[in-house]
Amino acid sequence: MITLNEVIARLPDGKAKHAVRSFNLMPHQNRRAASVKELAISLGLAVERKALPRGLAGRLVPDAFSESGYLIEVNEKDNVRRQRFTVLHEIGHFILHSTSSDPFAPVSNRARGVDEYGIIPFYPDDGREREADECASAILFDHGALAAAESLFNGDLEKISKHFGVSVEVVKIGLRQFGLKK
Ligand SMILES: [Zn+2]
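So, how was this worked out
- Residues numbered from 1 in each chain as written.
- Predicted model: local features only at pLDDT ≥ 70, side-chain atom pairs only at ≥ 80, totals over all residues.
- Heavy atoms only, no water.
- Helix = DSSP H or I, 4+ residues; strand = E, 2+ residues; numbered from the N terminus.
- Expected span 1.5 Å × (residues − 1).
- Buried < 20%, exposed > 50% of the residue type's maximum accessible area, 1.4 Å probe, protein only.
- Contact = heavy atoms within 4.5 Å.
- Polar contact = N/O pair within 3.5 Å; in protein donor to acceptor, adjacent residues only side chain to side chain.
- Salt bridge = Lys/Arg side-chain N within 4 Å of Asp/Glu carboxyl O.

Quick look at helix H2 (residues 14-25)
Given a rise of 1.5 Å per residue, 12 residues ought to cover 16 Å, and the 16 Å separating the end C-alpha atoms of H2 matches this to within 8%. Of all the positions in H2, only Ala16, Ala19, Val20, Ser22, Phe23 and Asn24 are classed as buried. Buried-residue contacts for H2 involve helix H1 (4-10), helix H3 (36-42), helix H4 (80-97), helix H5 (128-141) and helix H6 (145-152). The N-cap residue of H2 is Asp13: its side-chain oxygen and the backbone nitrogen of Lys15 are 3.1 Å apart.

Next up, the structure:
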């Protein structure tokens, strides 16, 4: 299980660390879930909704115009909660798996820079998909964020899901990961 401290330790600068910490600390502000797009932009990533092939939730692709050299593409046909988790999952790939020093390195060195997270297998099944999910989960739920929401909403899964702006399924996985549910 990847922890939020491990995620933060991998970030290159104070601005990025602050953005991730703030997102975790304040998952819900001004009556809505905190913006995953703003988080991505703080990390130098561009985000675009696109018509992606069915079954492909999103992908991390090289982009010469973004600060980090990467763009997150999100399937515009997915519902908003799914799209939000996709952005966090791709942020996970960016932090854990991208060659951020050189996004335009030869394709074989960066696993083609494309994500599976769905039906179409681009990454080999070597644990990177699980790691990206764990990174997303850590950013959302670690440092007591899920425990606090679980307590605040008395275990009401729909309310917890709305608070974080992700699906009930993602919350259920988080509750197991953080030992809040058997
Ligand atoms: Zn992935």
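Quick look at the pattern of salt bridges
Taken as a whole and judged by the stated rule, the model has 4 salt bridges. The residue Glu73 makes a salt bridge to Lys50 at a minimum N-O spacing of 3.4 Å. In this pair, Glu73 sits in strand S5 (residues 70-75) while Lys50 sits in strand S3 (residues 46-50), placing the two residues 23 residues apart along the sequence. The shortest N-O distance in the salt bridge between Arg81 and Glu158 comes to 3.1 Å.

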